[in-house]
Amino acid sequence: MVIPTLTTARLILRPIENGDVDGFTRIWSDPEFARHVGGPVTSPDAVWHQMAGCIGCWLLTGVGPWSVVERESGTLVGRAGLWDEPGWPGVEALWYIGRPWWGRGYAAEAAAAAITWVLRVRPELDRVCAAIVPANIRSVRVAQRLGMHRTGAEYLHEETHAIYAVSRADWSRRSGAGS
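Predicted model, so just to flag it, every value in this text is computed and none were measured.

K.L.:
Which residues make up the overall build of the protein chain, and what values go with them?
P.N.:
When you go through the protein chain residue by residue, the secondary structure sums to 6 helices and 8 strands. Taken against the 2.2 N^0.38 rule, which gives 16 Å for 179 residues, the C-alpha radius of gyration of the protein chain at 15 Å falls within 12% of a compact globule. Considered along the principal axes of its C-alpha atoms, the protein chain spans approximately 40 × 35 × 35 Å. Looking at the protein chain as a whole, 50% of its 179 residues are labelled buried. The contacts in the protein chain between residues at least 6 apart in sequence include a share of 61% that link residues at least 24 apart. Counting only carbon and sulfur atoms, one obtains 52% of the accessible surface of the protein chain, whose full area is about 8600 Å². Of the charged side chains in the protein chain, 18 are positive and 18 negative; the average position of the first set lies 8 Å away from that of the second.

Given below as structure tokens:
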């Protein structure tokens, strides 16, 4: 499978590659960043295994996360994209932007690109969701900026997550993209 590259005004969403290990290790080692996403991951080996799982998601489901790179600087700033795991509440938009880049709107920008892309290539999807630990207020705000509304809660990966979703119709009206 060929993983596409997406470009936004400020970001490049490109396939994850081996050279991302150091950057992701720096991002995931930050306890504040990792507070709501399972805790810090400080071992480059463990980070590499996360990356391999992301690529595996692409191979198994046709969607997955990308590395997020600032266009201007070429700096790896996080990981964002899609997730489609068996038993999941639907195709999920996800965003993990490193703390040095918080507050710049990168999470919403990257997630919006991913949502637009998946609704274009998967015409059978009627919505895209996000599974967020309720205490993760920053991610809740990103979901709301994306036009997502809370639709319920599910117990996923040993923790209760609030489920937010945006319908294809609402996304199309919001983005004017005619998805």
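K.L.:
I'd like to hear about the pattern of salt bridges, residue by residue, with values.
P.N.:
By the definition in use, this model includes 9 salt bridges. Across the salt bridge formed by Arg99 and Asp30, the nearest N and O atoms sit 2.6 Å from each other. A residue pair is termed long-range when its members are at least 10 positions apart, and Arg99 in the loop between strand S5 (92–97) and helix H4 (106–121) and Asp30 in the loop between helix H1 (21–29) and helix H2 (31–34) qualify at 69 residues. Residue Arg99 is classed as partly exposed on the basis of its relative accessible area of 40%. Asp30 sits in the buried class, given a relative accessible area of 14%.

K.L.:
Lay out the pairing of strand S8 (residues 159–167) with the relevant residues and their values.
P.N.:
When strand S6 (residues 127–132) meets S8, the two strands line up antiparallel, connected through 6 bridges. The residue bridging Cys129 from the neighbouring strand is Ala165, located in S8. Pairing between strand S7 (residues 149–156) and S8: 7 bridges, direction antiparallel. The residue bridging His149 from the neighbouring strand is Ala165, located in S8. Here S7 folds back onto S8, and the loop between the two strands holds 2 residues, one of which, His157, carries a positive phi near 50°.

K.L.:
Please set out H4 residue by residue, giving values where relevant.
P.N.:
For H4, which comprises 16 residues, the first-to-last C-alpha distance of 23 Å matches the rise-based estimate of 22 Å (1.5 Å per residue) to within 8%. A large share of H4 lies buried, amounting to 13 of its 16 residues.

K.L.:
Explain the packing of aromatic side chains to me, using residue names and the numbers behind them.
P.N.:
Evaluated as defined, the whole model comprises 5 aromatic pairs. With 4.9 Å between their ring centres and 85° between their planes, Trp28 and Phe33 make a pair best called edge-to-face. Centroid distance Trp66 to Trp117: 5.5 Å. Interplanar angle 85°. Geometry classified as edge-to-face. Residue Trp66 is located in strand S3 (residues 65–70), and its partner Trp117 is located in helix H4; the two are separated by 51 residues in the primary sequence. Taken together, the ring pairs connect Trp28, Phe33 and Tyr96 into an aromatic cluster.

K.L.:
Describe a nonpolar patch on the surface, and please don't skip the residues or the numbers.
P.N.:
Together, Met1, Ile55 and Leu59 line one region of the surface with nonpolar side chains, adding up to about 300 Å² of accessible area. The topology assignment puts Ile55 in helix H3 (residues 44–61).

K.L.:
Please give an account of the environment of Thr7 that cites residues and values.
P.N.:
By the secondary structure assignment, Thr7 is in strand S1 (residues 6–7). Judged by relative accessible area, Thr7 falls into the exposed class, the value being 51%. With 62 residues separating them along the chain, Thr7 and Val69 place their C-alpha atoms 9.6 Å apart.

K.L.:
Go over the nonpolar core with me, naming the residues and quoting the values.
P.N.:
By size, the foremost hydrophobic cluster in this structure holds 54 residues, and its most contacted members are Trp66, Trp95, Val118, Leu146 and Met148. A per-element tally of this core places H4 first, with 12 residues. Residues Cys57, Trp83, Trp88 and Leu156 belong to the second largest nonpolar core, which totals 9 residues.

About the cut-offs
- Residues numbered from 1 in each chain as written.
- Predicted model: local features only at pLDDT ≥ 70, side-chain atom pairs only at ≥ 80, totals over all residues.
- Heavy atoms only, no water.
- Helix = DSSP H or I, 4+ residues; strand = E, 2+ residues; numbered from the N terminus.
- Rg over C-alpha atoms; globule rule 2.2 N^0.38 Å.
- Buried < 20%, exposed > 50% of the residue type's maximum accessible area, 1.4 Å probe, protein only.
- Contact = heavy atoms within 4.5 Å.
- Areas by Shrake-Rupley, 256 points an atom, 1.4 Å probe, with all protein chains shown as cover.
- Lys, Arg positive; Asp, Glu negative; His and termini not counted.
- Charge placed at Lys NZ, Arg CZ, Asp CG, Glu CD.
- Salt bridge = Lys/Arg side-chain N within 4 Å of Asp/Glu carboxyl O.
- Pairing = 2+ DSSP bridges.
- Expected span 1.5 Å × (residues − 1).
- Phe/Tyr/Trp six-rings, centres within 6.5 Å; stacked < 30°, edge-to-face > 60°.
- Patch = residues over 30% accessible without salt bridge, like charges linked within 9 Å, V, L, I, M, F, W, Y side chains within 5 Å.
- Core = buried A, V, L, I, M, F, W, Y, C linked by side-chain atoms within 4.5 Å.

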